[in-house]
Amino acid sequence: MSSLPGFPLAAGTPRVRLAHLPTPLVRPARLAEQLGLDLWVKRDDTTGGAEAGNKLRKLELLLADALRRKADVVVTCGGLQSNHARATALACASLGLQSVLLLRTADPSAPLPRAGNVVLDRLAGAEVRLITPEQYRERDRLLAEVASELRASGLEPYVVPEGGSNGLGALGYVLAMAEVRRQLELGLAGGRRFDLVVHACGSGGTAAGTVLGARAFDVADRVLAVAVCDDAPTFEARIGAIVAEARTLAPSLPEVTVGRGAELEVDQGSRGPAYAVATPEQLARITLVARLSGLVLDPVYTGKAMSALFERAAELRGKRVLFVHTGGLPGLLAQGDALAL
Ligand SMILES: *Cc1c(COP(=O)(O)O)cnc(C)c1O
């Protein structure tokens, strides 16, 4: 099943090469021992250079669609230090597309910070428009309004939703699981399927694609999506909708169940105080993990996901776990003061 190139994409589905693939599948031996897990890490933090992270896999499909539609400007949104917005800005620059980023911040009149992802957005030449958290709640309407404005000025816009998380973007993570299946077939990670895949969940597209791909390619029984902001019911509804949309684009994908104890479960216990705010314990674990493994996590996403593994280590004792490292380094560097170093 994994021998079909590009499966499950329909023949002719366009994809632009943005990510350096396959990403490594590694064993952090001392961290695995500390957790008491047969732990492996999929290094999707190494899908590229400054543009790296999980968003690049989604953008391979989304920006190919933009190019096919002859777009010349891409509009998307996210938090002020959004990894997705940064990856989009840099990928657009590489493809000769303009980008407009609607970024959420408490005070849009404050000057843009010269730190983290925002530095890279500006380097890439993206047009940054700051919006309030209230405006952000209406993000889909706002994205459409900006697209109309750009169309009126003679440009052809392409809207990428928050996180690149729609059915098409999620197929990037179906393909990621096909990539893991090929690695297992080559004998990597002992060649055996996993009990569980664990990753950070912020807009749901990675979760939707990962559970579909894990089932389609027999990579794992279950996926644990660790929420970094909203609660489990909110994410389950969102992921369910993205799964349904992805299955209309690739009907050969299996049905999957979403919910507590299902094939895709959302863990809301490691959300921390707020989006992009980690607890002191989560921050301490970021330091511990770096020292045990050389893996650098971030306080917004991957640090919370790994923290959930620490919380569940006893319950998962001895299990084969694949942790997807989704990136986020600029978010860590923007919060250097939060770490007690
Ligand atoms: C966006 C992001 C996630 C979450 O992925 P979603 O598909 O939005 O749920 C996880 N980790 C990092 C580093 C991210 O930038």
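My aim in this report is to walk through the structure given alongside it, one point at a time. (Residues numbered from 1 in each chain as written. Predicted model: local features only at pLDDT ≥ 70, side-chain atom pairs only at ≥ 80, totals over all residues. Heavy atoms only, no water.)

Our next topic: the packing of helix 8 (residues 205–216) against helix 9 (residues 232–249). For the pair helix 8 and helix 9, interaxial distance at closest approach is 9 Å and the crossing angle is 55°. Comparing their axes, helix 9 and helix 8 come out oblique. Judged by the sense of rotation from one axis to the other, the crossing of helix 8 with helix 9 is right-handed. Of the residues in helix 9, those touching helix 8 at Gly-205, Ala-207, Ala-208, Val-211 and Leu-212 are Ile-239, Ile-242, Val-243, Ala-246 and Arg-247. Within the contact of helix 8 with helix 9, the residues separate by chemical class into 8 nonpolar, 1 polar and 1 charged. (Axes fitted to C-alpha atoms, helices over the stretch in contact; angles between N-to-C directions. Helix = DSSP H or I, 4+ residues; strand = E, 2+ residues; numbered from the N terminus. Parallel < 35°, antiparallel > 145°, perpendicular 65-115°, else oblique. Left-handed = near helix turned anticlockwise from the far one by under 90°. Contact = heavy atoms within 4.5 Å. Nonpolar A, V, L, I, M, F, W, Y, C, P; charged D, E, K, R; others polar.)

Attention now goes to the environment of Glu-156. Structurally, the position occupied by Glu-156 is in the loop between helix 6 (139–152) and strand 6 (157–159). Judged by its relative accessible area of 32%, Glu-156 is partly exposed. Through-space distance from the C-alpha of Glu-156 to that of Arg-69 is 8.5 Å; in sequence the pair is 87 residues apart. Not counting chain neighbours up to four residues away, the residues in contact with Glu-156 comprise Arg-69, Lys-70, Ala-71, Asp-72, Val-73 and Arg-151. (Buried < 20%, exposed > 50% of the residue type's maximum accessible area, 1.4 Å probe, protein only.)

Moving on to the site of the ligand. The immediate surroundings of the ligand are formed by 16 residues, with Lys-55, Lys-58, Ser-203, Thr-206 and Thr-326 found nearest. Asn-54 places a side-chain nitrogen or oxygen 3.0 Å from an oxygen atom of the ligand. Contacts to the ligand include Gly-202, whose backbone N or O atom sits 2.8 Å from an oxygen atom. Taken by itself the ligand offers 380 Å² of open surface, and the protein chains cover 98% of this. Taken atom by atom, the bulk of the ligand overlaps the largest pocket. Mapped onto the shell around the ligand, the elements with two or more residues apiece are helix 2 (55–68), strand 7 (194–201) and helix 8. Of the residues in the shell around the ligand, the class split is 3 nonpolar, 11 polar and 2 charged. (Near = heavy atom within 4 Å. Polar contact = N/O pair within 3.5 Å; in protein donor to acceptor, adjacent residues only side chain to side chain. Areas by Shrake-Rupley, 256 points an atom, 1.4 Å probe, with all protein chains shown as cover. 1 Å grid on protein atoms, 1.4 Å probe; cavity = no way out; pocket = protein on both sides within 12 Å on 5 of 7 lines; lining within 4 Å. Sits in = over half its atoms within 2 Å of the grid points.)

Once that is clear, we can look at the side chain of Thr-105. With respect to the secondary-structure elements, Thr-105 resides in the loop between strand 4 (98–104) and helix 4 (116–123). Residue classification places Thr-105 among the buried positions, given a relative accessible area of 16%.

With that settled, consider the environment of Ala-89. When you line up the elements, Ala-89 lands in helix 3 (residues 83–95). When the C-alpha atoms of Ala-89 and Gly-261 are compared, they prove to be 38 Å apart, with 172 residues separating the residues in sequence.

This part takes up the pairing of strand 8 (residues 220–227). Taking burial as the measure, the 8 residues of strand 8 include 6 buried ones, the bulk of the element. By the bridge criterion, 7 bridges tie strand 7 to strand 8 in an arrangement that is parallel. Residue Val-197 lies in a different strand from strand 8, and its bridge partner there is Val-223. Viewed along the sheet, the connection from strand 7 through helix 8 into strand 8 turns out right-handed. (Pairing = 2+ DSSP bridges. Right-handed = clockwise from strand over helix to strand, strands pointing away.)

Our next topic: the sheet that holds strand 6. Spatially, the 4 strands line up as an open sheet ordered 5-4-3-6, and their pairing is parallel. Here the strands that pair on one side only, and so sit at the sheet edges, are strand 5 (127–131) and strand 6. In this sheet, neighbouring strand axes are inclined to one another by 25° on average, regardless of whether the strands run parallel or antiparallel.

This paragraph deals with the sheet that holds strand 7. Reading across the sheet, the 6 strands line up as 1-2-10-7-8-9 and stay open at both edges, with mixed pairing between neighbours. At either end of the open sheet lies a strand with only one pairing partner, and these are strand 1 (25–26) and strand 9 (264–267). Relative to strand 9, strand 8 runs parallel, the two sharing 4 bridges. Paired with Val-226 across the two strands is Asp-267, which belongs to strand 9. Against the sheet, helix 8 makes contact with strand 7, strand 8 and strand 9, and its axis sits at roughly 170° relative to strand 8, the strand it touches most.

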